[in-house]
Amino acid sequence: MVVTNGKKVLELALVKAVYASSEHLLRYLTGFEAENGCVVADKTGITFYTDRRYIEAAEKFFLGSDVTPVLYTQKEVLERLATYQTVGISFNRTSHSEYLALEKAGVKLENIDKALATATSVKNEWEIGRIQVACEIAENAFLATLPKIKEGMTETELATELEFNMRKLGAQGVSFSTIVAFGAHASVPHHETGDTKLKYGDEILMDFGCKVDGYCSDITRTFLFGDDKKHEEFKKAYDAVLKAHLLVQETAKAGMTGKEIDAIARDYLKEQGYGELFTHSLGHGIGLNVHEAPAISPKGETAIENGMVFSDEPGVYVAGEYGIRIEDTVRFENGRVQSFMSKTDKKLVILEP
């Protein structure tokens, strides 16, 4: 099934044609993955220009769709683009050298990054389905990894085991570099996974995700490797983070802005005395990019609507002691938050060695 977004972007951008050559936008506009090529979308349809490495696969992939694959030369594309009154491009995803080449060819360019952000933030059913599968794989891989956790293994070894399980279950790759943090390393929200060895009583924070047809999942779970009875403050903070996480899913409603949804978790953690320890935004959009629109943050002005997918990930971080983050990939559906994550327990898990 070929699901394209070229027409959607063209209508939102209010230009005569849309042009893109970045790998990310090729995938978004046409559904096809290629390292080289470009797309031109206008009212007549979508043309995917590519080279001989991709043409056979593209012809099969686009059969019966509104995309026409064509072997191309740069001169041919530039001449076509120069015939339009305005051509929309992403200034964020177009190199300076390509911009200059388009300008030199007489192409009248307009920045469509705002239209792209609007388009990508609302997913269609096919995109939602890809994210759902990516979330299921991530959760199942996590559950398969838990029995493999042993004292003395390193953060890197645990991350490798998890990534292997995601691949084994059908993932095309990871959404981002897997974060595994043992003990006090978890107090750094984006800790760099390393060679630290797991000890009894350590907390474990795992932030990970995988891709299916290019679409990402994102999940974080925090738990204990044995209970050494030295984690009373950690357990108290964990309960507060979990409550903040669930409050978002229970009370957020369509029409609220990203800022208002962020405030649900932030205000609760502030009431519990953890306000200064929640050091990042509540969430971010998830799609072909693991970070995209909409922003669920103190600066998020976009009203949230059905079809938007984002993370719900409040956290508390005490430097040099512990860090807690609980994260689901969620979507807005029928005006409410629905989590993609249903298989893993979010209550505090104490994994016995």
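That block above? That's the structure.
Cut-offs and rules
- Residues numbered from 1 in each chain as written.
- Predicted model: local features only at pLDDT ≥ 70, side-chain atom pairs only at ≥ 80, totals over all residues.
- Heavy atoms only, no water.
- Helix = DSSP H or I, 4+ residues; strand = E, 2+ residues; numbered from the N terminus.
- Rg over C-alpha atoms; globule rule 2.2 N^0.38 Å.
- Buried < 20%, exposed > 50% of the residue type's maximum accessible area, 1.4 Å probe, protein only.
- Contact = heavy atoms within 4.5 Å.
- Areas by Shrake-Rupley, 256 points an atom, 1.4 Å probe, with all protein chains shown as cover.
- Salt bridge = Lys/Arg side-chain N within 4 Å of Asp/Glu carboxyl O.
- Pairing = 2+ DSSP bridges.
- Axes fitted to C-alpha atoms, helices over the stretch in contact; angles between N-to-C directions.
- Core = buried A, V, L, I, M, F, W, Y, C linked by side-chain atoms within 4.5 Å.
- 1 Å grid on protein atoms, 1.4 Å probe; cavity = no way out; pocket = protein on both sides within 12 Å on 5 of 7 lines; lining within 4 Å.
- Points joined across faces, edges and corners; volume = space filled by probe spheres on them.
- Nonpolar A, V, L, I, M, F, W, Y, C, P; charged D, E, K, R; others polar.

(A) Layout of the overall build of the protein chain. Helix and strand counts for the protein chain come out as 10 helices and 20 strands. Expected size for 353 residues packed as a compact globule is a radius of gyration near 20 Å; at 23 Å, the protein chain falls within 12% of this value. For the protein chain, the C-alpha atoms occupy an extent of roughly 70 × 40 × 35 Å along the three principal directions. Per-residue burial over the protein chain gives 54% buried out of 353 residues. When contacts within the protein chain are restricted to residue pairs at least 6 apart in sequence, long-range pairs at least 24 apart make up 64% of them. Working note: accessible area of the protein chain is about 16100 Å², and carbon and sulfur atoms make up 50% of it.

(B) Region of interest: the pattern of salt bridges. Applying the stated criterion to the full structure yields 16 salt bridges. Close ionic contact of Asp 227 with Lys 235 constitutes a salt bridge, the shortest N to O distance being 2.7 Å. Across the pair, exposure class does not vary: Asp 227 and Lys 235 are buried alike. Among the ionic contacts, a cluster of salt bridges with common partners joins Asp 227, Lys 229, Glu 232 and Lys 235.

(C) Summary view of the sheet that holds strand β20 (residues 350-351). In space, the 4 strands of this open sheet follow the order β8-β9-β12-β20, with mixed pairing throughout. The sheet is open, and its two borders are formed by β8 (179-182) and β20, each paired with just one other strand. Relative to strand β12 (residues 219-225), strand β9 (residues 203-208) is paired through 6 bridges, and the arrangement is antiparallel. Following the sheet pairing, Glu 203 is matched in β12 by Leu 224. Helix α7 (residues 125-145) contacts β9 and β12 of the sheet and is inclined by roughly 15° relative to β12.

(D) A look at the nonpolar core. If you look at the biggest cluster of nonpolar residues, it comprises 61 residues, and the most contacted ones within it are Phe 48, Ile 149, Met 166, Ile 204 and Met 206. Counting residues per element, this core draws most heavily on α7, at 8 residues. What Ile 204 contacts, discounting residues up to four positions off in sequence, is Ile 149, Leu 158, Ala 181, Phe 182, Leu 198, Arg 221, Thr 222, Phe 223 and Phe 225. Membership of the second largest hydrophobic core comes to 32 residues, among which are Ala 240, Val 248, Leu 269 and Ile 296.

(E) Molecular detail of the layout of surface pockets. Roughly 270 Å³ of volume is contained in the largest pocket. What lines the largest pocket is a set of 14 residues, and nearest its centre among them are His 190, Asp 207, His 284, His 291 and Glu 313. Partitioning the lining of the largest pocket into residue classes produces 3 nonpolar, 7 polar and 4 charged.

(F) Spatial organisation of helix α2 (residues 23-30). Most of α2 is tucked away, with 7 of its 8 residues classed as buried. The set of residues buried in α2 consists of His 24, Leu 25, Leu 26, Arg 27, Tyr 28, Leu 29 and Thr 30. Looking at the residues trailing α2, positive phi occurs at Gly 31, about 85°.

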